[in-house]
Amino acid sequence: MNTEGQPVVVRRRFRWQYALIIIAAAILFFWEPIDNWLNFETQTVEVKSVQTLCTAFDNGSPVPREVGPCDDIRAEYGSDATVEIREQTFVAFDYTSPADGKVHSTKIVRDKDDAGQPIHAGSRITVRLSGKQADFVK
């Protein structure tokens, strides 16, 4: 039988595997927006107080070693070359948790309000509150 000049037919089996890979990649790529949509609620809160503190980090670590007044942190860690000291603005506010319906107080690091202006007491900021954990704020 002579097959020269005839098109080669490639049978595509397993198309569902390609679809599965694309879906898995999309979920990984879009996980944070999906998680925010499913598990977090947006709430606008009023800033009660603003405080500038210093945070000591081990070099390369995202987890702070200690937070406190800048003079104290610099006195304790200033000569240690393995510690990075960052000055950060902490804002305190009250919020009603969607997880338990109670009012909680917290502090987060934030330099500017929602309008991009320097933050001060009385500023209004938008935060993301966990619907599962009463004390988790983004």
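Model, not experiment: these values are computed from the prediction.

**Points about the overall build of the chain**
Assigned secondary structure in the chain consists of three helices and five strands. Counted from the first residue to the last, the chain has its helices and strands arranged as α-α-β-β-α-β-β-β. Relative to its full complement of 138 residues, the chain shows a buried share of 25%. Pairs at least 24 residues apart make up 57% of the contacts formed inside the chain by residues separated by at least 6 positions.

**Comments concerning the nonpolar core**
Within the largest apolar cluster, 11 residues are counted, these being V45, V47, V91, F93, Y95, I108, I119, I125, V127, L129 and V137. When residues of this core are traced back to their parent elements, those giving at least two are β1 (40-58), β3 (83-96) and β5 (124-130). Setting aside anything within four residues of it in sequence, one finds V127 in contact with E41, T42, Q43, V45, F93, I108, R110, V137 and K138. In terms of nonpolar packing, the next biggest core, distinct from the first, is built from six residues, C54, C70, Y77 and V83 among them.

**Looking at the environment of L53**
Along the polypeptide, L53 turns up in strand β1. Relative accessible area serves as the criterion here: at 12%, L53 is assigned to the buried category. In this structure, the C-alpha to C-alpha distance between L53 and I73, residues 20 residues apart in sequence, is 9.0 Å. Residues in contact with L53, not counting those within four places in the same chain, are V67, G68, P69, C70, R86, E87, Q88 and F90.

About the thresholds
Position numbers for residues start from 1 in each chain and track the written sequence from start to end. For this predicted model, a pLDDT threshold of at least 70 governs which residues receive local features, and a threshold of 80 or more governs which side-chain atom pairs are given and counted, while totals over whole chains, interfaces and linings are taken from all residues. Excluding hydrogens and water, the side-chain figures rest on all heavy atoms present in the structure. In DSSP terms, a helix is any run of H or I states spanning at least four residues, a strand is any run of E spanning at least two, and both are numbered starting from the N terminus. Burial status follows relative accessibility: with a 1.4 Å probe on protein chains alone, a residue under 20% of its type maximum counts as buried, one over 50% as exposed, and anything between as partly exposed. In this description, contact between two residues means that some pair of their heavy atoms is separated by no more than 4.5 Å. Only buried Ala, Val, Leu, Ile, Met, Phe, Trp, Tyr and Cys residues count toward a nonpolar core, and they belong to the same one when joined by side-chain atoms within 4.5 Å.

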